[in-house]
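Listed below are the residues making up each chain.
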Amino acid sequence: MCQDQAHVMVAICRSLGIPARYVSGYFYAANEPDLASHAWADVCLDVETRRWVSIDVTHSCLIDQRHVRLAVGTDYNACPPIKGIRRGGGEEVMTVEITIEPV
C-alpha cells in the first residue's frame, strides 16, 4: 500500500512539472513492531537550490527519525528494499530478520 501511495505522489508531482523521486526504506512504529518495509516520496521544492523535502503520504507526515532511507530511484523497480541474483545449482535457505529500534 505505501509503495502505491508513494508512486501516486511521485506521478502527480511529475505531471505538474515538479521533480520527484521514489524512496524505499524502513519505518519504525513502536505500536506496530512488524511494520518495517516502507516507501515515501522526495519532492523538489526549489530546483535552483536543490531543496528537497521527503513526504510520507501513508502516515501523512514529513520523514523523521522513524524513517530509515535505503535507496532512491525513479520508481520501485529502481530501488527495491531487497534485490539480488543467484547463480549456480544446489540448495540454499535464506532467513532474514530486521530489527529497528530507537537509539
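Fair warning: this is a prediction, and the values are worked out from it, not measured in the lab.

**Things to note about the sheet that holds strand S5 (residues 67–73)**
Point 1. One open sheet holds the 5 strands; their spatial order is S4-S3-S2-S1-S5, and the pairing between them is antiparallel. One side of each edge strand has no neighbouring strand; the edge strands of this open sheet are strand S4 (61–62) and S5.
Point 2. Here strand S3 (residues 51–56) pairs with S4 via 2 bridges, running antiparallel. In the strand pairing of S4, Ile 55 is matched with Leu 62.

**Overview of the environment of Met 9**
Point 1. Tracing the backbone through its elements, the reader meets Met 9 in helix H1 (residues 2–15).
Point 2. Residues Met 9 and Asp 42, spaced 33 residues apart in sequence, show a C-alpha to C-alpha distance of 9.2 Å.
Point 3. The residues touching Met 9, leaving out its near neighbours within four places in the chain, are Ala 41, Val 43, Ile 55 and Val 57.

**A closer look at a nonpolar patch on the surface**
Point 1. Taken together, the side chains of Val 8, Ile 12, Leu 16 and Ile 18 define a hydrophobic patch exposed on the protein surface, amounting to about 350 Å² of accessible area.
Point 2. Looking at where Ile 18 falls in the secondary structure, it is placed in the loop between H1 and strand S1 (20–27).
Point 3. Given a relative accessible area of 31%, Ile 18 falls into the partly exposed group.

**Some remarks on the pattern of salt bridges**
Point 1. A complete count under the given rule lists 3 salt bridges for this structure.
Point 2. Between Asp 42 and Arg 21 there is a salt bridge; the shortest N-O distance is 2.9 Å. Of this pair, Asp 42 sits in strand S2 (residues 37–46) while Arg 21 sits in strand S1; the two residues are 21 residues apart in sequence, bridging distant segments of the chain.
Point 3. Overlapping salt bridges, with partners in common, bring together Arg 21, Asp 42 and Arg 69 in one network.

Cut-offs and rules
Residues numbered from 1 in each chain as written. Predicted model: local features only at pLDDT ≥ 70, side-chain atom pairs only at ≥ 80, totals over all residues. Heavy atoms only, no water. Pairing = 2+ DSSP bridges. Helix = DSSP H or I, 4+ residues; strand = E, 2+ residues; numbered from the N terminus. Contact = heavy atoms within 4.5 Å. Patch = residues over 30% accessible without salt bridge, like charges linked within 9 Å, V, L, I, M, F, W, Y side chains within 5 Å. Areas by Shrake-Rupley, 256 points an atom, 1.4 Å probe, with all protein chains shown as cover. Salt bridge = Lys/Arg side-chain N within 4 Å of Asp/Glu carboxyl O. Buried < 20%, exposed > 50% of the residue type's maximum accessible area, 1.4 Å probe, protein only.

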